[in-house]
Amino acid sequence: MANTGSLKSTIAVSLTNYLDAGAIVAGASGLTLWKNYLGLTEMHLGWLNFISANCLGAAVGAIIGGFLADKYGRKFIFTYNLLVYMLGVLTIMLSVNFPMLLTGFLITGISVGVGVPASWTYISESSEVNNRGRNICISQMSWGIGPMVILLLGMLFAPGGYLFSWVEGLAAAIGGSEMSQVATEVFSSRVVFFSLFVVAFIAWNLQRGLQESAEFTKESENKEKAGVMENIKVLFSNSIAVKTVFFLATIYLTWNLVASVMGFFQPHIYETAGGVSNEQANWMNCIQWAIIVGVTFIVSKLIDKTSHKGIYIFGLVAAISAWLVIVTIGVNGQAGLWAFAILWGVQGGSSPQIFYALWGSELFPAKFRAGAQGFMFFIVRGLSALWGLVFTYIYGENGEGFTIAAYCMIALLTISLVVGVIGAPKTRGRALDDIVKERYGEDY
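This structure is a prediction, so every number in the text was calculated from the model and none was measured.

**Q** Explain the overall build of the protein chain to me, using residue names and the numbers behind them.
**A** Of regular secondary structure, the protein chain possesses 20 helices and zero strands. The C-alpha atoms of the protein chain give a radius of gyration of 21 Å, which matches the 22 Å a tight globule of 444 residues would have. By its C-alpha atoms, the protein chain is 70 × 50 × 40 Å across when sized along the principal axes. The proportion of buried residues among the 444 residues of the protein chain is 60%. Counted over contacts in the protein chain with a minimum sequence separation of 6, partners at least 24 positions apart contribute 83%. Accessible surface, the protein chain: about 16,400 Å² in total, of which carbon and sulfur atoms supply 67%. Side chains of the protein chain give 25 positive and 25 negative charges; the mean places of these two sets differ by 9 Å.

**Q** Kindly report on the packing of aromatic side chains, identifying the contributing residues and their values.
**A** Counted under the stated rule, the structure contains 22 aromatic pairs. Ring centres of Phe194 and Phe197 lie 6.3 Å apart, and the angle between their planes is 10°; this geometry places the pair in the stacked category. On the criterion of helical spacing, the pair formed by Phe194 and Phe197 is a turn pair, its members being three residues apart in helix H10 (residues 187–207). Overall, Phe194 belongs to the partly exposed group, its relative accessible area being 42%. Between the aromatic rings of Tyr252 and Tyr356, the centroid separation amounts to 4.1 Å while the plane-to-plane angle is 10°, which identifies the pairing as stacked. Of the two residues, Tyr252 sits in helix H13 (residues 239–272) while Tyr356 sits in helix H17 (residues 352–362), which places them 104 residues apart along the sequence. Ring pairs connect the aromatic residues Trp120, Trp143, Tyr252, Trp255, Trp289, Tyr356 and Phe377, which therefore count as one cluster. In this structure, Lys71 packs its charged tip against the face of Tyr72, placed 5.4 Å from the ring centre. Just above the ring of Phe187 sits the side chain of Arg190; from NZ or CZ to the centre is 5.2 Å.

**Q** Give me the lowdown on the side chain of Asn238, citing residues and values where you can.
**A** Mapped onto the secondary structure, Asn238 falls in the loop between helix H12 (228–237) and H13. A distance of 3.0 Å separates a polar atom in the side chain of Asn238 from the backbone nitrogen of Ala241.

**Q** Hey, could you go over the nonpolar core for me, with residue numbers and the actual values?
**A** Residues Leu196, Trp323, Trp359 and Phe364 are the most contacted members of the largest nonpolar core, which totals 131 residues. No other element matches H13, which puts 15 residues into this core. With near-sequence residues (within four places) excluded, Phe364 lies in contact with Leu235, Ala241, Thr244, Val245, Leu248, Arg369, Ala372, Met376, Val436 and Tyr440.

**Q** How would you summarise helix H16 (residues 334–348) if you had to cite specific residues and measurements?
**A** Spanning 15 residues, H16 covers 21 Å between terminal C-alpha atoms, matching the ideal 21 Å at 1.5 Å per step. Looking at H16, one finds that the buried residues are Gly336, Leu337, Phe340, Ala341, Trp344, Gly345, Val346, Gln347 and Gly348.

**Q** Can you explain helix H5 (residues 74–93)? Please cite residues and give values.
**A** With 20 residues, H5 extends 29 Å between its outermost C-alpha atoms, agreeing within 8% with the 28 Å of an ideal straight helix rising 1.5 Å per residue. Largest kink in H5: about 30°, centred on Tyr80. Along H5, the positions that sit buried rather than exposed are Arg74, Ile77, Phe78, Asn81, Leu82, Tyr85, Met86, Gly88, Val89, Thr91, Ile92 and Met93.

**Q** Help me get a handle on the environment of Lys35, residues and values and all.
**A** In this fold, Lys35 is placed in helix H2 (residues 31–38). Here Lys35 falls in the partly exposed class, since its relative accessible area comes to 22%.

**Q** How would you summarise the pattern of salt bridges if you had to cite specific residues and measurements?
**A** A side chain of one charge can pair with a side chain of the opposite charge when the charged atoms of the two come close. Under the counting rule described, the total for this entry stands at seven salt bridges. With a shortest N-O distance of 2.7 Å, Arg74 and Glu125 are connected by a salt bridge. Taken together, the residues span a long stretch of sequence, with Arg74 in helix H5 and Glu125 in helix H6 (residues 98–126) at a distance of 51 residues. Assessed through its relative accessible area of 8%, Glu125 is described here as buried. Taking the shortest distance from any N to any O, the salt bridge between Arg369 and Glu215 comes out at 3.6 Å. Linking Arg369 in helix H18 (residues 369–395) with Glu215 in helix H11 (residues 214–222), this pair joins segments that are 154 residues apart in sequence. One salt-bridge network, in which partners are shared between bridges, spans Asp70, Arg74, Glu125, Glu215 and Arg369.

**Q** How would you summarise the environment of Ile232 if you had to cite specific residues and measurements?
**A** One can find Ile232 in helix H12. A residue is classified by how much of its surface remains accessible, and Ile232, at 24% relative accessible area, is partly exposed. With 25 residues separating them in the primary sequence, Ile232 and Leu257 have C-alpha atoms 25 Å apart.

**Q** Go over the environment of Ile342 with me, naming the residues and quoting the values.
**A** Position of Ile342 among the secondary structure elements: in helix H16. Looking at Ile342, the relative accessible area reads 40%, which means it is partly exposed. In this structure the C-alpha to C-alpha distance between Ile342 and Gly315, which are 27 residues apart in sequence, comes to 12 Å.

**Q** Please set out a nonpolar patch on the surface residue by residue, giving values where relevant.
**A** On the surface, Phe194, Val198, Phe201, Ile202 and Leu206 cluster together into a nonpolar patch covering about 440 Å² of accessible area. With respect to the helices and strands, the residue Leu206 is situated in helix H10. Judged by its relative accessible area of 45%, Leu206 falls in the partly exposed class.

**Q** Pulling in residues and values, what's your account of the packing of helix H7 (residues 132–157) against H10?
**A** The contact between H7 and H10 brings their axes to 9 Å, and the two run at 150°. Comparing the axis directions of H7 and H10 gives the class roughly antiparallel. Taken as a pair, H7 and H10 cross one another with a handedness that is right-handed. Residues Ile150, Leu153, Gly154 and Phe157 of H7 touch H10, and the partners they reach there are Ser188, Val191, Val192, Ser195 and Leu196. Taken together, the residues that form the contact of H7 with H10 break down as six nonpolar, three polar and no charged.

Calculation criteria
Residues numbered from 1 in each chain as written. Predicted model: local features only at pLDDT ≥ 70, side-chain atom pairs only at ≥ 80, totals over all residues. Heavy atoms only, no water. Helix = DSSP H or I, 4+ residues; strand = E, 2+ residues; numbered from the N terminus. Rg over C-alpha atoms; globule rule 2.2 N^0.38 Å. Buried < 20%, exposed > 50% of the residue type's maximum accessible area, 1.4 Å probe, protein only. Contact = heavy atoms within 4.5 Å. Areas by Shrake-Rupley, 256 points an atom, 1.4 Å probe, with all protein chains shown as cover. Lys, Arg positive; Asp, Glu negative; His and termini not counted. Charge placed at Lys NZ, Arg CZ, Asp CG, Glu CD. Phe/Tyr/Trp six-rings, centres within 6.5 Å; stacked < 30°, edge-to-face > 60°. Lys NZ or Arg CZ within 6 Å of the ring centre and 35° of its normal. Polar contact = N/O pair within 3.5 Å; in protein donor to acceptor, adjacent residues only side chain to side chain. Core = buried A, V, L, I, M, F, W, Y, C linked by side-chain atoms within 4.5 Å. Expected span 1.5 Å × (residues − 1). Bend = angle between axes of the 7 residues up to and from the residue. Salt bridge = Lys/Arg side-chain N within 4 Å of Asp/Glu carboxyl O. Patch = residues over 30% accessible without salt bridge, like charges linked within 9 Å, V, L, I, M, F, W, Y side chains within 5 Å. Axes fitted to C-alpha atoms, helices over the stretch in contact; angles between N-to-C directions. Parallel < 35°, antiparallel > 145°, perpendicular 65-115°, else oblique. Left-handed = near helix turned anticlockwise from the far one by under 90°. Nonpolar A, V, L, I, M, F, W, Y, C, P; charged D, E, K, R; others polar.

Printed below as a string of structure tokens:
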């Protein structure tokens, strides 16, 4: 029977995923508006992706937040981190030039990174043995609901949307009636970021009221708290931990190099390579996120009862199939575009990120559990940041290199599939203490 306490805390902590994905998609859905307003080039867009919650900002935040969570506790992160997120979102909302926009993306990204390892660790440590996978899936559903809501708001407030007249009135009230059209239109993106500010404030109030993780409390009582550098040294001096880092970072990185590009550039890709309007691109993306949420809900019912490896294979086969559509049918027609969107939505509901979050919190001892996740997140999002810049060169100004990019994506996803199938651990239905003792011995 489900434990109500763990479900409530899971929902509160899962809002971090809502804010993570929400920040990425809020930037993506308004990318064209900011480009027009500030006169940005594709290179500028690449830099926004490079330092955002999608990549470098989150990478830097994760390695800091992971080890801080192991030293000071998971609750410490929940008490202060979302205040930083609100500052970042506020900076984006008020941006009037590119440096200000870039700064807002960076601050928001750092906060996202700080929160992710602590949240995944807390959810696993607070879950019952037979609900750990389900609770991680709930967290992932939040990761899907965030973009879906943000895209809906983006479409309602966007130029031509049902509520754009309200945006025009707001823009005129704040900036005066002489405001240019592009300056008025970008207000729709400002309003969307304000919605994230509101959710962050609610999440901060919920999370700072949580109790500390019992696993962390027990670890703190039994042993003296290690410093950040000591925990890093312990992590890399243990051969089992190093092998686990390599395995998890590989399956997550190769998938995330693809997913990070899709998360930030997808509406833009649909508009340039697919030739659809901004509104249609956002609708397609929104439907895709709805599919992700639906599939994740189904997986949440299965993951604690059936083969992890089977679900993992299903997700990556769907992902590879989506990109095969690009190199066969193409996305210039509606059939190919929709086939791609649906297949990518299906894979999102059973993606390696679910298993990275689950296995990452199962396969390390409590003393450096969050730190190990933070380090891996740093590697993954940091390299994804570099890949985002490379992708803009491959893709081209108008999507002329999209087919070449698709072959790169297929190769990366195939690596994730093969490595995941070979290294998938058998942890389903086992207590965290049991898993840790088997892997590391009694000392951990």
